[in-house]
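Results of the structural survey
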Amino acid sequence: MKTLTINLRGPLQSYGDEAAFTRRTSTDYPRKSAIVGLLAAALGYHRDDARINELNKVRFAVRVDQPGEPLTDLHTVEWKRNSRKLTYRTYLQDAVFVVAVSADDQLIDRLEHALHHPKFQLYLGRKANVPAGVLTTHQYDEGNPLTVLQGLEWQAAAWYQLRKQRQRQIRLDIIADAGLIEGQREWMVADNVESFDQRHRSFNFRAVKQTAVEVDNPYYQDRGTETSTMRLARWVRKGSSYVSLKSTN
């Protein structure tokens, strides 16, 4: 059994939480159902394809490498003639997540190939939220989703890592299938896909747990010292999320 990691990064991401007509919020990280949908799209499965249910069986974990800044978008919708409503949609700005899924070797090979040669458009929660370029993936022959994420270096954007340059180590949350984590309290989420069909979309409950891992910060500097990278960082605006500054050291 192999494990596949998928880096999710983009200007905007949004993963369904509350989904009433007037307000559509986002969870702080992608849940398993969102990744099942991403994988199904890559494989070319339609919403009512029974094979989607097989993807529920992959073992799953996600690490929050760069928490997103919430953004609320306001829409005015004319839902019937001469009648308008205000609707709200929440997004995560500049977030970076690392997803890990484990399955048999053949399926992992198929999934990785599909993610780089998708049949349908890939998006990060909502159709307007496209990834920031080609998805970065990597296969591991050993371990499971939890142990792989525990051993992976920090994947946040360079500008975000520079912000944390006074911290030698960074604590990152990991949310995973309950069976992957020992000794933590579990809770239930309506996150097991029964159907993506828009006529009767439905999800069942599954158990999850949360833990954390500490990773090294490659930009860590002792107080009182300033490198050329740190001087440059003072001039980098907050929005420059995809410019690597490591070459300036």
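Residues numbered from 1 in each chain as written. Predicted model: local features only at pLDDT ≥ 70, side-chain atom pairs only at ≥ 80, totals over all residues. Heavy atoms only, no water.

Strands sit in the order β9-β1-β8-β5-β10-β12-β11 across an open sheet of 7 strands; the sheet is antiparallel. The open sheet has two edge strands, β9 (136-140) and β11 (187-195), and neither has a second partner. For this sheet the average axis-to-axis angle between neighbouring strands, irrespective of direction, equals 25 degrees. Relative to strand β8 (residues 96-103), strand β1 (residues 2-9) runs antiparallel, the two being bridged by 8 bridges. (Pairing = 2+ DSSP bridges. Helix = DSSP H or I, 4+ residues; strand = E, 2+ residues; numbered from the N terminus. Axes fitted to C-alpha atoms, helices over the stretch in contact; angles between N-to-C directions.)

Under the criterion given, the structure shown has 4 aromatic pairs. On the basis of an interplanar angle of 70 degrees and a centroid distance of 6.1 Å, the ring pair of Trp-154 and Tyr-160 is categorised as edge-to-face. Take Trp-154 and Tyr-160: they sit in the same class, and that class is buried. The interplanar angle of 85 degrees and the centroid separation of 5.9 Å between the aromatic rings of Trp-159 and Tyr-160 together place this pair among those described as edge-to-face. A relative accessible area of 8% places Trp-159 in the buried class. Of the residues examined, Tyr-160 reaches a relative accessible area of 13% and is grouped as buried. Through pairs of rings, three or more aromatic residues link up here, namely Trp-154, Trp-159 and Tyr-160. Of note, Arg-126 hangs over the ring of Tyr-91, and the distance from its end group to the ring centre comes to 5.0 Å. (Phe/Tyr/Trp six-rings, centres within 6.5 Å; stacked < 30°, edge-to-face > 60°. Buried < 20%, exposed > 50% of the residue type's maximum accessible area, 1.4 Å probe, protein only. Lys NZ or Arg CZ within 6 Å of the ring centre and 35° of its normal.)

All we've got here are geometric facts, nothing functional implied.
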